[in-house]
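Secondary and tertiary structure notes
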There are 4 protein chains.
Amino acid sequence: MVEDELLYHEAAIHRRRSSIITTWDTPVAVSTETITDCFVHQLLDGHRKPTDSSPKHFIHHSAIPEDTVMSDKSGEYFHSHAEHSQSRLLSKKQLSDMAFNIRELSKTLSHMKLKLKVQNIFILGKIHDTTVVQLSRTLAEWLLAKNRHYRVYVEDTLEDNSEFDAKSLLAIDPSYERRLKYWDTQLCAKAPQIFDVVIALGGDGTVLYASWLFQRIVPPVLSFAMGSLGFLTKFDFANHQDILTETFDQGFNVNLRVRFEATVMRHVDNGDCVANDVIEEIIGSGAEQVTHNPERDHHILNEVVVDRGPNGTMITLEVFGDNEHFTTVQADGICVATPTGSTAYNLAAGGSLCHPDNPVVLLTAICAHTLSFRPIILPDSIVLRLAVPYDARTNAWASFDGKERVELRAGDYVTISASRFPFPSVLPLEQNTENWIDSISRTLNWNSRQRQKAFNPDAKS
Amino acid sequence: MVEDELLYHEAAIHRRRSSIITTWDTPVAVSTETITDCFVHQLLDGHRKPTDSSPKHFIHHSAIPEDTVMSDKSGEYFHSHAEHSQSRLLSKKQLSDMAFNIRELSKTLSHMKLKLKVQNIFILGKIHDTTVVQLSRTLAEWLLAKNRHYRVYVEDTLEDNSEFDAKSLLAIDPSYERRLKYWDTQLCAKAPQIFDVVIALGGDGTVLYASWLFQRIVPPVLSFAMGSLGFLTKFDFANHQDILTETFDQGFNVNLRVRFEATVMRHVDNGDCVANDVIEEIIGSGAEQVTHNPERDHHILNEVVVDRGPNGTMITLEVFGDNEHFTTVQADGICVATPTGSTAYNLAAGGSLCHPDNPVVLLTAICAHTLSFRPIILPDSIVLRLAVPYDARTNAWASFDGKERVELRAGDYVTISASRFPFPSVLPLEQNTENWIDSISRTLNWNSRQRQKAFNPDAKS
Amino acid sequence: MVEDELLYHEAAIHRRRSSIITTWDTPVAVSTETITDCFVHQLLDGHRKPTDSSPKHFIHHSAIPEDTVMSDKSGEYFHSHAEHSQSRLLSKKQLSDMAFNIRELSKTLSHMKLKLKVQNIFILGKIHDTTVVQLSRTLAEWLLAKNRHYRVYVEDTLEDNSEFDAKSLLAIDPSYERRLKYWDTQLCAKAPQIFDVVIALGGDGTVLYASWLFQRIVPPVLSFAMGSLGFLTKFDFANHQDILTETFDQGFNVNLRVRFEATVMRHVDNGDCVANDVIEEIIGSGAEQVTHNPERDHHILNEVVVDRGPNGTMITLEVFGDNEHFTTVQADGICVATPTGSTAYNLAAGGSLCHPDNPVVLLTAICAHTLSFRPIILPDSIVLRLAVPYDARTNAWASFDGKERVELRAGDYVTISASRFPFPSVLPLEQNTENWIDSISRTLNWNSRQRQKAFNPDAKS
Amino acid sequence: MVEDELLYHEAAIHRRRSSIITTWDTPVAVSTETITDCFVHQLLDGHRKPTDSSPKHFIHHSAIPEDTVMSDKSGEYFHSHAEHSQSRLLSKKQLSDMAFNIRELSKTLSHMKLKLKVQNIFILGKIHDTTVVQLSRTLAEWLLAKNRHYRVYVEDTLEDNSEFDAKSLLAIDPSYERRLKYWDTQLCAKAPQIFDVVIALGGDGTVLYASWLFQRIVPPVLSFAMGSLGFLTKFDFANHQDILTETFDQGFNVNLRVRFEATVMRHVDNGDCVANDVIEEIIGSGAEQVTHNPERDHHILNEVVVDRGPNGTMITLEVFGDNEHFTTVQADGICVATPTGSTAYNLAAGGSLCHPDNPVVLLTAICAHTLSFRPIILPDSIVLRLAVPYDARTNAWASFDGKERVELRAGDYVTISASRFPFPSVLPLEQNTENWIDSISRTLNWNSRQRQKAFNPDAKS
């Protein structure tokens, strides 16, 4: 029985019309030798074998040792090293199962208290913000003093930062020389699993920065707001000592936020003189020919935006869902948001507010030049593709969580699907749900209106 | 030369296709013997004859004596007693000129200080609100004591109201028996010109009530907010003594708000067996036959709403502008708002916010069952008609400033055009414009967002 | 460990603050003796025990015999006869599992061809539409002639309908006397399981009518559009003979649409003189006292609307999600829509368009009188409650799929949660997904715009 | 009496806080020696002196001779050569009167048939569009042949264009050498008054191009659509011979579209070390110091947009109306549209549709990052200023009718007010109004929805 399945064979990826394979019965063989050090994926493996790893297992769960090699075969959709591990290479069913497993794990986690044997602590903050640098110093000093097993990682540029003043810090105790360490983006990319927890200092932007740094495996992120709490910042820095002591000693709740994986696919010039048709290339049934090459993939927490960039005029984009051409959009751009991102750019573009637990993707046009566009909400098991047609007058620009603007030329497209690498956010122990309504009321003034003050006849004559 | 002119001859009003007469060159003869006691219309007459009534005339303008009979012929579009004085009977050019003259007068007034010889003061407030009744008493007592020439009118139901306690008031001074007077809706309708000023106590709702009471001539309305100021309430009652003293002694500014006139036109059953077509009847070129009879006209300050009333399903309405069929709307209803009403129901229905001085009418569908409806803004010289088609499954309901719900059956329609009777609102002397942006920011939280609190590192450990 | 769980004990239902019980560890004992004849629930049982009922089981699945009694214990959340079977009596976890199981079954069904041994065929259509009655006659006659095992059920009012002309139909063959049967709403309520398939003739409204008739178990519904296809009408009546022959002989796909269950909870007057507070009563921690009594539950396919009904002014509603007070809404009303209903009233109220497979609920205000309301999308495992505060100036009205308007007085509320009784919709065999984007483009003109015609210089001089 | 008046003294323009002068009583002396060759302004002068130039004067009005010198003093707000003629230098009253006079003239013109003695004809079209170039040739050839007094101006780049093939055209008749002329942007800027009519070939974009070319005086523009009619293209090229013959022989109607004047004001670095505050500089009461220098002014037909340009993040803008600070907007940008532009970018940004005759300006945020922004509609006598605050993280970009993107740095601002140079658009003779509703229905599918096709039972079995 032939079913709709979206499958990227590794061999097929460069072939014309390759992007859709329609075999439900014979799923592609996926690497069975999987090495994962991911906090989440280990939990996920445990989660998926309830017989031998009861929930109690996690309650006193220790942090993953640096040198552990996991060889469990059940985590087949989650593996960080295999070349063909991108979401866009998964079959429709694998994508759907993967998204589902993350949601299930998230639900399970929300009812569990996790306790980590904390050893390697990662401190993150904007190094151009003097206040944040000072607080990083305060925090590092306190952590190093608190427990002699803690190793504290700060950004490498702080080594010579006068506000941070590493020299005076190292002078406090000889062990600090060994226990104060420096991270750079390379280390985050290569050995994310060594960090037991990330402590983010700043606003929601700093949490987005954590997501950007940890493109695959993400350690649990505990985020302190400097001022008022945001959507992603859950703790008040004013109480950081009590909070960290309690969190490290008694455990915490984790909320997994789904991220999306986005990949720019570059048009390959085959030198043939026939006119190109991007719709035909993406969902057509043409000859077997390489049409596009992938560039690096981005794992994003809020949204992918494809827009007109510096152009003064609107752009035209072809929108595809799985193997279907959805529509042609003429607009300033398109915003494809996660539920987490529904309160960010999606809001500005007119999208609905969406609870972060919903397994959906929000597709909203930015200033569509039509009266009849309305935001649409799709299942997050879909693979979306946004393409620049070959006859486009202007190029488009893709950006990922507001970063890394990439130019898309005629014939290029971006694929977007659920990422296998969710973002674990540490919640206060007493708070196992998101208090989402409270967030949108407090942070966005959702549905607020000035109340008419009642008149007090005694107040004045 | 034939031009588009919308003209209702008195004789033609009941005839089929009567509503449009297309003679630009021969305007209908309008009553030249006009008696007007209207504060506004007198100003307007003065305004339109700059040679014999200079602006200075108004600066020390006295209140209109009760028995003055004006016989100026220039106020031809503004007359309160003639039977054919409805806006819908005016030609397109007359309507346009009338709307324009009100705007011009309004502009002129905004640069003038008006000083009234106050004698008859009208107090208005919700009599079911105990606080308001108490304040009415306080105010009446203070006014009667302040100046022995003041006559104070309160609502007739207060005569026996124990909170108002007229008896104890009359006991204070023998002259009060003669100077405390009672008004009822009849008096407002018949002799509005005797009141020099209306003092409204309450919120914007009380100001709407004043507009409802004075369907034609409206005395200047000075509105006190009980609590926070609104769009129509301009003064804080806490300072009412100072405000009234200053206003009566030194003069005030007046802002004229345009009102709309709306009339329900009832289908006349002619007993002919042909199927009726409301579009044909309203703008068609059929035989001369009576198709509709007018009911009483309503002068409204905020909006006319035609909606589904108690029906569970949407309604269908045919929308006409002058002699054109605009569109067929399937929706919960239609809101036709004045600029003043843009912050009321129009806002809820998704309309734009509109400065009260703009000479426009705002047409917004209420929950249109289409993706492509967008609110439209039309010149206020237009005559709009909203009709229930003969094949409508359900009746519609019209309401006027949220009051007086009237059922519309198949074939009935409502006409809406600018009213000849604007609403004069008293402004603080120092404030000759509306401070409208301030109102929408303060009252509606327009464009407000919670600011991220800055972090104070010294606040706590 | 205490967790957020929403649980209505049968005993607790009338007690004050009863609606929330917070025991995660000791789920309420649910009836273990369950009798279910539901097509869906049998599939669901099979689905949930993969060892003894493989998917192949369904491919040649027979219709459920009239007298079968199922006694499987695994369908614990799905039982039609037990008194305490309402969704609102389920724990938060049970609700969540139930919603999830329906989604999973739906996903499984989308990959299966179902074949029914059709015997009892239910014909549904608006009996006031002459065309539909004529087509019902045509269809009944064709079905009775096609297969001598078919029994055809038509609405009882057709027995004496001259357009249907039952007499001439019965005259064709003696067996028709026995095989042409009549249904009424009683039969639909009491013995829905006897119908193998419902054939709906008409538009989306007729499908809503099927949902209303079958409030609990719903037979598979095959819907013919009379004209253009809609969101719920999947087949063109012009080809009905081919379609029915193929469907009955070769099988079909089924799509399960989630429905919501809504119950009006009536304030109980306890005669105590303290002022009532509906927020306190619903989520407070007060004394054990009966505060509300449930009325009958409604299973809806599109939306629950609570609005101002015939009132001319907006209403105030308190909105609760699980055990949290979300917000106070001042608006014309609130629309709580299923994903299926996103293209109905939700669209008119400004909500996003939502793919029917998303496990979410759409909460949208109708003409909110604030600038800062934005539609929100919540997980469908939530229990929503919309309450009229005790100090409300006006009553509210609840309606269910646009039907059965019920007045809500001060203190009353409506609960809304996912229903255990989904709506099985028959899809064309070749179409196992919804073609949803195609539906919104075709039916709503989503994102459409008039293309500028190219100029043809040869067309005319 | 001091009144709100917005007045830019020429001497005051560079001074700190200079932009607002508050003298109602002593209006600034404006150049009384005015030379105007503007078609519109001559009409306007006539219009404003009804005694000596009756409306009939215009009905057989001839084109303005090239060498006429007008020396009427009444056109004081309309003068093309005086250096201080910018709108932003007018007082509030002058601005208001100027806007009003244009509206009045426009109204008068709509009832008049204008007849020009056509001599110099300007042909405009996109020279990169081969079809347009071919049609330009066709048109030029036909015009030159039609009347030996016609001089035809085409764009100078067509001189060597092989599609236009000037050589073969000149070979037709010796007089063509003298009568076929070439224009460039310089000529449009310096001697716009020599052209009797502009014939635009293309879409609405070509009409915008005409507005850009003629920044001050605009000849009457007759626009042919190549395909479907747009908002600004009123004639079908397929019938161009009949249309032009009739228009030149019998006369035409003209509709005046209001344009806006926008000027970039550049921050002047005074080298003082105090922190700058753009709000203080624009409306504050500081010392007399030059804070900003004007750059060239732009006269726009659709809209001024200030947006984030190539930035990935939103910008912050301070919005001022006359001498008031309205609000701080955080958004992708702000669109300030004329009524004509309401169907262009304003529509995409969510603004209402606005009849082109309304004397208003539409201010709409582009993707505001707040829930409570709503588009606002202001009188077109306002002076708007959009400023980049000094602490802005990113620069902004201004664009004018989608052209000429200009970067705004911290402290810069843009002023926007009604232009003294309206855009005269030629309408078909029989059509003296805009048929605006028809345009939005046809071009934007306003309020359109697919009608359910009725079922035809006889169509098929």
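Everything numeric here is computed off the predicted structure, so don't read it as measured data.

Attention now moves to the overall build of chain A. Broken down by element type, chain A carries 12 helices and 21 strands. Residue burial in chain A is summarised as follows: out of 461 residues, 62% are buried.

This part takes up the state of the cysteines. Tallying each qualifying case throughout the model produces zero disulfides over all chains. Cys367 of chain A provides the cysteine sulfur closest to Cys367 of chain D, a residue in no disulfide bond, and the two sulfurs are 4.4 Å apart.

Turning next to the relation of the copies chain B and chain C. At an RMSD of 0.0 Å, chain B and chain C line up after a rotation of 180° and a shift of 0.0 Å along the axis. Taken together, the rotation and translation relating the two chain copies correspond to the operation of a two-fold axis. Taking the C-alpha atom as reference, chain B places Pro310 of chain B closest to the rotation axis, 2.0 Å from it. Here 100% of the interface residues in chain B have copies in chain C that are interface residues too; the copies meet face to matching face.

Here the focus is the sheet that holds strand S16 (residues 376-379) of chain D. The strand order across the open sheet built from seven strands is S14(B)-S16(D)-S15(D)-S13(D)-S10(D)-S18(D)-S19(D), with neighbouring strands paired in mixed fashion. If you trace the sheet from one side to the other, it starts and ends with strand S14 (353-354) of chain B together with strand S19 (403-408) of chain D, each paired once. Packing against the sheet, helix H12 (residues 436-444) of chain B makes contact with S14 of chain B together with S16 of chain D, and its axis sits at approximately 160° to S16 of chain D.

Let us look at the relation of the copies chain D and chain B. Aligned on chain B, chain D shows an RMSD of 0.0 Å; the corresponding rotation is 180° and the shift along the axis is 0.0 Å. Comparing contact sets, 98% of the residues at the interface of chain D also lie at the interface in chain B, consistent with an isologous, same-surface contact.

Okay, the packing of aromatic side chains next. Residue and element names in this part refer to chain B. The final tally for this structure, using the stated rule, is 40 aromatic pairs over all chains. Here the aromatic rings of Phe224 and Phe237 are separated by 5.5 Å at their centres, their planes lie at 90°, and the arrangement is edge-to-face. Taken together, the residues Phe224 in strand S5 (residues 221-225) and Phe237 in the loop between strand S6 (235-236) and helix H9 (240-250) connect sequence positions 13 residues apart. The pair formed by Phe224 and Phe237 is uniform in burial state, with each residue classed as buried.

One widely used convention gives an interface's size as the accessible area the parts lose upon coming together. In this assembly, 23 residues from chain B lie in contact with 23 residues from chain C. Taking both partners together, chain B and chain C bury about 1800 Å²; carbon and sulfur atoms supply 59% of that area. When the buried area of chain B at its contact with chain C is split by residue, Cys367, His369 and Leu371 of chain B rank highest and sum to 30% of it. Taken together, the connections running from chain B to chain C amount to eight residue pairs in polar contact (both at pLDDT 80 or more). Per-element accounting of the side of chain B that touches chain C gives the leading share, three residues, to helix H11 (residues 345-348) of chain B.

Tracing the chain through its elements places His292 of chain C in strand S9 (residues 292-300). Within the structure, the side chain of His292 of chain C is placed 2.9 Å from the side chain of Thr291 of chain C, a separation counted as a polar contact.

All names here are of chain B. Mapping Glu159 onto the fold places it in the loop between strand S2 (151-155) and helix H5 (166-170). A relative accessible area of 44% places Glu159 in the partly exposed class. In this structure the C-alpha to C-alpha distance between Glu159 and Pro379, which are 220 residues apart in sequence, comes to 46 Å. Not counting residues within four places of it along the chain, the set of residues in contact with Glu159 comprises Ala166 and Tyr182.

Residue and element names in this part refer to chain B. Where burial is concerned, most of strand S13 (residues 333-337) is hidden: five out of the five residues are buried. Alternating residues of S13 divide into Gly333, Cys335 and Ala337 and Ile334 and Val336, and every residue in both groups is buried. As paired elements, strand S10 (residues 303-307) and S13 share five bridges and run antiparallel to each other. Residue pairing for S13: Val306 is matched across the bridge by Ile334. Both S13 and strand S15 (residues 360-366) contribute to a ladder of five bridges, which runs antiparallel. Bridge assignment links Cys335 to a residue of S15, and that residue is Thr364.

What follows covers unusual backbone geometry. All names here are of chain A. The phi torsion at Asn445 lies on the positive side, around 55°, for a residue other than glycine. Note on placement: Asn445 falls in the segment after helix H12 (436-444). Overall, the relative accessible area of 19% leaves Asn445 in the buried class.

Quick look at a negative patch on the surface now. Residues and elements named next belong to chain A. Taken together, the side chains of Asp242, Glu246, Asp249 and Glu430 define an acidic patch exposed on the protein surface. Along the chain, Asp242 turns up in helix H9 (residues 240-250). By relative accessible area, which is 61% here, Asp242 ends up exposed.

All names here are of chain C. For Tyr150, the position within the fold is in the loop between helix H4 (130-146) and strand S2 (151-155). Judged by relative accessible area, which is 4%, Tyr150 ranks as buried. In this structure the C-alpha to C-alpha distance between Tyr150 and Gln119, which are 31 residues apart in sequence, comes to 4.7 Å. If we skip the residues at most four places from it in the chain, Tyr150 touches Val118, Gln119, Ile121, Leu143, Leu144, Arg179 and Phe248.

Our next topic: the confidence of the model for chain A. All names here are of chain A. When pLDDT is averaged across chain A, the result is 79; 75% of the residues are at 70 or more. Element-level mean pLDDT values for chain A span from 29 in helix H2 (residues 56-59) up to 98 in strand S13 (residues 333-337). Scored below 50 in pLDDT, residues 1-36 makes 109 contacts in the model with residues more than four places away or belonging to other chains. Counting contacts from residues 47-84, a segment whose pLDDT is below 50, to residues more than four positions away or on other chains yields 83 contacts. Among the prediction metrics, the complex's ipTM stands at 0.83, with pTM recorded as 0.86.

All names here are of chain A. The strand order across the open sheet built from six strands is S9-S8-S20-S17-S11-S12, with neighbouring strands paired in antiparallel fashion. At either end of the open sheet lies a strand with only one pairing partner, and these are strand S9 (292-300) and strand S12 (324-331). For this sheet, the mean angle separating the axes of adjacent strands, direction not counted, is 20°. Pairing of strand S8 (residues 260-267) with S9 involves seven bridges; the strand directions are antiparallel. Across the sheet, residue Ala262 finds its bridge partner in S9, namely His298.

What follows covers the pattern of salt bridges. Residue and element names in this part refer to chain B. Tallying each qualifying case throughout the model produces 40 salt bridges over all chains. Among the ionic pairs, Arg420 bridges to Glu261, the shortest N-O distance being 3.4 Å. Taken as a pair, Arg420 in the loop between strand S20 (413-418) and strand S21 (423-427) and Glu261 in strand S8 (residues 260-267) lie far apart in primary sequence, 159 residues in all. Comparing Arg420 with Glu261, the two get one shared label, buried.

Moving on to helix H12 (residues 436-444) of chain D. Listed as buried for H12 of chain D are Trp436, Ile437, Ser439, Ile440, Thr443 and Leu444 of chain D. With its buried residues spanning 160° around the axis, H12 of chain D presents them on a single face. Looking at the buried positions of H12 of chain D, the neighbouring elements they touch are strand S12 (324-331) and strand S16 (376-379) of chain B together with helix H11 (345-348) and strand S14 (353-354) of chain D.

Right, let's get into the interface of chain D and chain B. Facing the 50 residues of chain D at the interface are 49 residues of chain B. Counting each side, the surface lost to burial between chain D and chain B is near 4200 Å², with a carbon and sulfur contribution of 53%. At the boundary of chain D and chain B, one finds 27 residue pairs in polar contact (both at pLDDT 80 or more). Those elements giving two or more residues to the side of chain D that touches chain B turn out to be helix H3 (92-109), strand S12 (324-331), S14, strand S15 (360-366), S16 and H12 of chain D. Here the side of chain D that touches chain B takes six residues from S12 of chain D, the largest share from any one element. Residues of the side of chain D that touches chain B, tallied by class, amount to 21 nonpolar, 20 polar and nine charged. The pairing of S16 of chain B with S14 of chain D spans two bridges and is parallel. Bridging across to S14 of chain D, Ile376 of chain B finds its partner in Leu353 of chain D.

Rules behind the numbers
- Residues numbered from 1 in each chain as written.
- Chains lettered and ligands numbered in written order.
- Predicted model: local features only at pLDDT ≥ 70, side-chain atom pairs only at ≥ 80, totals over all residues.
- Heavy atoms only, no water.
- Helix = DSSP H or I, 4+ residues; strand = E, 2+ residues; numbered from the N terminus.
- Buried < 20%, exposed > 50% of the residue type's maximum accessible area, 1.4 Å probe, protein only.
- Disulfide = S-S within 2.5 Å.
- Least-squares fit on C-alpha atoms with pLDDT ≥ 70 in both.
- Contact = heavy atoms within 4.5 Å.
- Pairing = 2+ DSSP bridges.
- Axes fitted to C-alpha atoms, helices over the stretch in contact; angles between N-to-C directions.
- Phe/Tyr/Trp six-rings, centres within 6.5 Å; stacked < 30°, edge-to-face > 60°.
- Buried area = accessible area lost by both parts, 1.4 Å probe.
- Polar contact = N/O pair within 3.5 Å; in protein donor to acceptor, adjacent residues only side chain to side chain.
- Patch = residues over 30% accessible without salt bridge, like charges linked within 9 Å, V, L, I, M, F, W, Y side chains within 5 Å.
- Areas by Shrake-Rupley, 256 points an atom, 1.4 Å probe, with all protein chains shown as cover.
- Salt bridge = Lys/Arg side-chain N within 4 Å of Asp/Glu carboxyl O.
- Lys, Arg positive; Asp, Glu negative; His and termini not counted.
- Charge placed at Lys NZ, Arg CZ, Asp CG, Glu CD.
- pLDDT = per-residue confidence, 0-100.
- Arc of directions from axis to C-beta.
- Nonpolar A, V, L, I, M, F, W, Y, C, P; charged D, E, K, R; others polar.

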